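Per-entry structural report
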Number of protein chains: 2
Amino acid sequence: MLIRIETESEIPIYTQLTNQIIEGIAKGSLKSGDALPSVRAFAADLGVNMHTVNKSYHELEKKGIIQIVPKSGAVISHYDSIDDSTMNRISDQLRPYIAEALVLGVDKEKLLELVSSLISDIKTK
Amino acid sequence: MLIRIETESEIPIYTQLTNQIIEGIAKGSLKSGDALPSVRAFAADLGVNMHTVNKSYHELEKKGIIQIVPKSGAVISHYDSIDDSTMNRISDQLRPYIAEALVLGVDKEKLLELVSSLISDIKTK
DNA sequence: TATTTTGTTATAGAAAGTATAGAACAGTTT
DNA sequence: AAACTGTTCTATACTTTCTATAACAAAATA
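So, here's what we can say about the structure. On a predicted model such as this, the values are computed, not experimentally measured, just so you know. (Residues numbered from 1 in each chain as written. Chains lettered and ligands numbered in written order. Predicted model: local features only at pLDDT ≥ 70, side-chain atom pairs only at ≥ 80, totals over all residues. Heavy atoms only, no water.)

1. Topic: the overall build of chain A
The number of helices and strands found in chain A is five helices and two strands. Each helix and strand of chain A, placed in order from N terminus to C terminus, yields the pattern α-α-α-β-β-α-α. By its C-alpha atoms, chain A is 50 × 35 × 25 Å across when sized along the principal axes. Looking at chain A residue by residue over its 125 residues, the buried ones come to 42%. Contacts in chain A between residues at least 24 apart in sequence constitute 50% of all its contacts with a sequence separation of at least 6. Within chain A, one finds 14 positive and 17 negative side-chain charges whose respective centroids are separated by 4 Å. (Helix = DSSP H or I, 4+ residues; strand = E, 2+ residues; numbered from the N terminus. Buried < 20%, exposed > 50% of the residue type's maximum accessible area, 1.4 Å probe, protein only. Contact = heavy atoms within 4.5 Å. Lys, Arg positive; Asp, Glu negative; His and termini not counted. Charge placed at Lys NZ, Arg CZ, Asp CG, Glu CD.)

Below is the structure:
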């Protein structure tokens, strides 16, 4: 799985890593049960600090996407039915960007098209 | 227009303000041509610092949502056709949250329903 | 016209977040 | 037994967020 970190980006490195791991899972490059690299190995590979990778892993664990087994490693979780609190979190995260799009003149139809297009893009590319 | 700021939130105050102003416009409480309160008046009203409101206004201006006239005030812009770079920005903003939803088991149909529901909610509530 | 109000700019400080580095610990894996 | 693991700790540097105060010049208002 290929990860690209942009040091100059305004987006924190640990967030960039979190997002790209999530996309890797969404795409199918990473599956439930797969182990993620150790924080040390991954950090060395990416050229960043161990603690930065560690922070990303804990962010992913907080989201319910991976499970961290102390002194062992991180494994991608199995997802069954989504609970209400998680659904609400996703809704709260999306809301400001949906509102912004509406204000800037993107109507419901175009917005749904955009989301459909994004889903396809994430699953393939 | 009613604004609620949560000091304890992890979301910066200026971002909370930006998002709520955007929702006010999306809902129709604020229209193109309307003037926003002065940074001083708004800050006093919200109990925050003048520079915090100022930062929010400049964020809104960067998004193309308002226009700031130096020494005069801030006015809500008129929106015609959306340009490609703005559309790309919105797409980039949405992408990680769409990916996260997919990973957590929200399928395309449920995701489109969620977006539809959010649009209705933003426009009314 | 004189006063008030406006956004802007500057300085300053406190607190939190981001990222790095090095080291040590104890449990897991090989 | 040795290597590897996530965890924890200390430390430093930089950026971001938020507040506070002050001054400036242009716009709006009385």
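2. Topic: the protein's contact with DNA strand C
Lining the immediate environment of DNA strand C, one finds 25 residues, of which A:Y14, A:H51, A:T52, A:K55 and B:R40 sit closest. In DNA strand C, atoms within 4 Å of the protein come 60% from sugar and phosphate. Within the backbone of B:S72, one N or O atom sits 3.4 Å away from a sugar or linking oxygen of DNA strand C. Contributing elements (two or more residues each) for the surface near DNA strand C: α1 (13-27) and α3 (50-62) of chain A together with α2 (39-46), α3 (50-62) and β1 (66-69) of chain B. (Near = heavy atom within 4 Å. Polar contact = N/O pair within 3.5 Å; in protein donor to acceptor, adjacent residues only side chain to side chain.)

3. Thoughts on the protein's contact with DNA strand D
The full set close to DNA strand D counts 24 residues, and A:R40, B:I13, B:Y14, B:H51 and B:T52 are the nearest of them. When the atoms of DNA strand D within 4 Å of the protein are sorted by group, sugar and phosphate make up 61%. In this structure, a sugar or linking oxygen belonging to DNA strand D sits 3.0 Å away from a main-chain N or O atom of A:K71. One of the side-chain N or O atoms of B:K55 is found 2.7 Å from a phosphate oxygen in DNA strand D.

4. Regarding the pattern of salt bridges
On inspection of all chains with the given rule, the structure shows ten salt bridges over all chains. Note that B:R89 and A:E100 form a salt bridge whose closest N and O atoms lie 2.1 Å from each other. Pair noted here: B:R89 is in helix α4 (residues 84-103) and A:E100 is in helix α4 (residues 84-103), and the two residues belong to different chains. By relative accessible area, A:E100 is classed as buried at 1%. (Salt bridge = Lys/Arg side-chain N within 4 Å of Asp/Glu carboxyl O.)

5. Points about the relation of the copies chain A and chain B
Expressed as a screw operation, the relation of chain A to chain B combines 0.0 Å of axial shift with a rotation of 180°, fitting to an RMSD of 0.1 Å. What the superposition gives is, in effect, a two-fold axis relating one chain to the other. Taken as a fraction of all interface residues of chain A, those also at the interface in chain B reach 100%, which identifies the copy contact as same-surface. (Least-squares fit on C-alpha atoms with pLDDT ≥ 70 in both.)

6. Notes on the pairing of strand β2 (residues 73-76) of chain A
Residues A:A74 and A:I76 point to one face of β2(A) and are all buried, whereas A:G73 and A:V75, pointing to the other face, are not buried. Count of turn residues in the strand β1 (residues 66-69) of chain A/β2(A) antiparallel hairpin: three residues, of which A:K71 carries a positive phi of about 65°. (Pairing = 2+ DSSP bridges.)

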